[in-house]
Amino acid sequence: MPKTLALYLHEMETVHHVDPRLTGLINHLAETCKEISFKVSQGALAGVLGSAGSENVQGETQKKLDIISNEIMCRACTESGFVSAVASEEMDHALQVPENCEVGPYLVLFDPLDGSSNIDINVSIGTIFSVLPAGEPHRGVEDAEFLQSGRHQLAAGYVIYGPQTQLVMTLGFGVMVFTLDLSTGNFYQTAENVTISESTKEFAINCSNMRHWEAPVQRYIMELLAGTTGVRGKDFNMRWVAAMVAEVHRILSRGGIFMYPRDNRDPNKPGKLRLMYEANPMSWLIEQAHGRATNGYQNILDIEPTALHQRVAVFLGAKEEVDLVTSYHG
Ligand code: AHG
Ligand code: MN
Ligand code: MN
């Protein structure tokens, strides 16, 4: 039988001296996502499909499962004893630990349900998490304490709810994949030290936005579409799942490049994806797997955040392709 998540985390403590409170937190997150996975699998039977009729801080309509997943993640994290506060894509501000619960040395940020538009059509979705240091465990955490660049992450990952439920994560010692065994309820390691090939013939972008993109992205995509008849001299294939979790999972599994560029529709929205809940954790996973992640100008992990909900352009995956599209930005 493959290694359990519990055994892997224990090895991280003994071999790499990872703080047992951090491995405890990861274990806790995995247990929490099992609960979300179960709700997702029940779908209409549990009454979790459809819109909640409310909007989040980003002005996006919330699905019932966005709210349910957020509540499950918030409760689990703030009652774990491992965190000083949490921040979520679905909440305006940081959430504090209740008075009757212990505080711990970590800040957790999450996108509780990524790929919301896939929920009701039974296509892959996921939960993304990022762990930052909080310093000494404390209460009354300000939003500003979360504004640390992605380089400060201590753990990052996602749980994908697809044909299989899988936890993919890094503690800075490679990217590991664990698959949930429904017969035992345990996560078992099914891939280790995942790496991404430097070159690829597969790309992912929402082409319906093409007319709004900036010139460097238009140029890059036109060259990919030209295939063997163009300057690239090879044909490319395209995929778009509309869930970043699923796109990153495909890239970690078989390579590729994923893009969500900024466009010229709204100058206040530099891209759609959120730096703190989506781009940073995914970029660290990609870098740990020897890929690249930029916003077209700099490595995403080097961006100094200025707001909890800030958005960012994202180009991530195969090094050759990310380097090329980044070079086009000049
Ligand atoms: P969320 O469901 O958390 O709002 O995130 C959805 C994001 C991302 O996962 C995906 O890559 C992208 O939005 C899809 O956008 P389009 O609907 O524009 O294709
Ligand atoms: Mn998302
Ligand atoms: Mn979401």
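Bear in mind the structure is a predicted one, so any value in this text is a computation, not a measurement.

Reading the values: the criteria
Every chain is numbered on its own, with residues counted from 1 as its sequence reads. For this description, chains carry letters from A and ligands carry numbers from 1, given in the order in which they are written. In keeping with the predicted nature of the model, local features appear solely for residues at pLDDT of at least 70, side-chain atom pairs appear and are counted solely at 80 or more, and the whole-chain, interface and lining totals rest on all residues. The side-chain values count all of the structure's non-hydrogen atoms but skip hydrogen atoms and water molecules. For the purposes of this entry, the term helix denotes a DSSP run of H or I that reaches at least four residues, the term strand denotes a run of E that reaches at least two, and both are numbered from the N terminus. The size measure is the radius of gyration over C-alpha atoms, and the globule rule it meets is 2.2 Å times the number of residues to the 0.38 power. In this analysis, two residues are considered to be in contact whenever any of their non-hydrogen atoms come within 4.5 Å of each other. Using a 1.4 Å probe, accessible areas were evaluated by the Shrake-Rupley method; residue-level cover was limited to the displayed protein chains. Positive charge is attributed to Lys and Arg, negative charge to Asp and Glu, and no charge count is given to His or to the chain ends. Positions of charges follow a simple convention, taking NZ of Lys, CZ of Arg, CG of Asp or CD of Glu. Following DSSP output, two strands are said to pair if at least two bridges run between them. Angular values range over 0 to 180 degrees, each being the angle between N-to-C directions of two axes fitted as lines to C-alpha atoms, with helices fitted over their stretch in contact. Throughout, near means a residue has at least one heavy atom within 4 Å of the molecule or strand. In protein, a polar contact means a hydrogen-donor-capable atom and an acceptor-capable atom, both N or O and within 3.5 Å, with residues adjacent in sequence counting only if both atoms are side-chain atoms; elsewhere, any N or O pair within 3.5 Å suffices. Roughly parallel refers to an angle under 35 degrees, roughly antiparallel to one over 145, roughly perpendicular to one between 65 and 115, and oblique to any angle outside these ranges. All residues other than Ala, Val, Leu, Ile, Met, Phe, Trp, Tyr, Cys, Pro, Asp, Glu, Lys and Arg, Gly among them, are scored as polar; the first ten of these are nonpolar and the last four charged. For Na, K and Ca the donor cut-off is 3.2 Å, while for other metals it is 2.8 Å, and in both cases only N, O and S atoms qualify; water is not among them, so sites may look incomplete. The buried label applies to any residue whose accessible area, calculated with a 1.4 Å probe on protein chains only, is under 20% of its type's maximum; exposed applies above 50%, and partly exposed to all values in between.

Asker: Mind laying out the overall build of the protein, listing which residues take part and the relevant values?
Answerer: Within the protein, the secondary structure is distributed over seven helices and 17 strands. Rg of the C-alpha trace for the protein: 19 Å, near the compact-globule value of 20 Å for 330 residues, within the 12% margin. Its C-alpha atoms put the protein at 65 × 45 × 45 Å along the principal axes. Within the protein, counting contacts between residues at least 6 apart in sequence, those at least 24 apart form 65% of the total. Carbon and sulfur atoms provide 51% of the accessible area of the protein, an area that totals close to 13500 Å². Side chains of the protein give 25 positive and 39 negative charges; the mean places of these two sets differ by 7 Å.

Asker: Tell me what's going on with the sheet that holds strand β17 (residues 314–317), and back it up with residues and numbers.
Answerer: In space, the five strands of this open sheet follow the order β12-β11-β13-β17-β15, with mixed pairing throughout. Two strands close off the open sheet at either side, each with one partner strand: β12 (237–238) and β15 (292–294). Its contacts with the sheet place helix α6 (residues 275–288) against β15 and β17, and it is angled at close to 25° to β17.

Asker: Tell me about the sheet that holds strand β7 (residues 155–161), residues and numbers included.
Answerer: Pairing is mixed across the open sheet formed by eight strands, whose spatial order is β4-β3-β5-β6-β7-β8-β9-β10. Of all strands in the sheet, those bounded by a partner on one side alone are β4 (95–96) and β10 (186–191). As paired strands, strand β3 (residues 83–88) and strand β5 (residues 106–114) are joined by five bridges and run parallel to one another. Counterpart to V86 in the pairing with β5 is V108.

Asker: Residues and numbers for the site of ligand 1, please.
Answerer: For ligand 1, the set of nearby residues contains 17 residues, the closest of which are D114, G115, S116, M244 and Y260. At 2.9 Å, a side-chain N or O of W240 approaches an oxygen atom of ligand 1. A total of 470 Å² of accessible area belongs to ligand 1 in isolation, and the protein chains cover 87% of it. A per-element tally of the shell around ligand 1 places β5 first, with three residues.

Asker: Break down the packing of helix α5 (residues 244–254) against α6 for me, with residues and values.
Answerer: For the pair α5 and α6, the least separation of the axes is 11 Å and the interaxial angle reads 10°. Here α5 lies roughly parallel to α6, going by the angle between them. Contacts between α5 and α6 pair M244, V245, V248, I251 and L252 from the former with E278, A279, M282, L285 and I286 from the latter. Residues that form the contact of α5 with α6 fall into these classes: nine nonpolar, no polar and one charged.

Asker: Run through the coordination of the manganese ion (ligand 3), naming residues and quoting values.
Answerer: Coordination sphere of the manganese ion (ligand 3), protein contribution only: E89 (OE), D111 (OD) and L113 (O), at 2.2 Å. Taken as a pair, the manganese ion (ligand 3) and the manganese ion (ligand 2) lie 3.7 Å from each other and share D111 as a ligand. Look at D111 and you get buried, because its relative accessible area is 1%.

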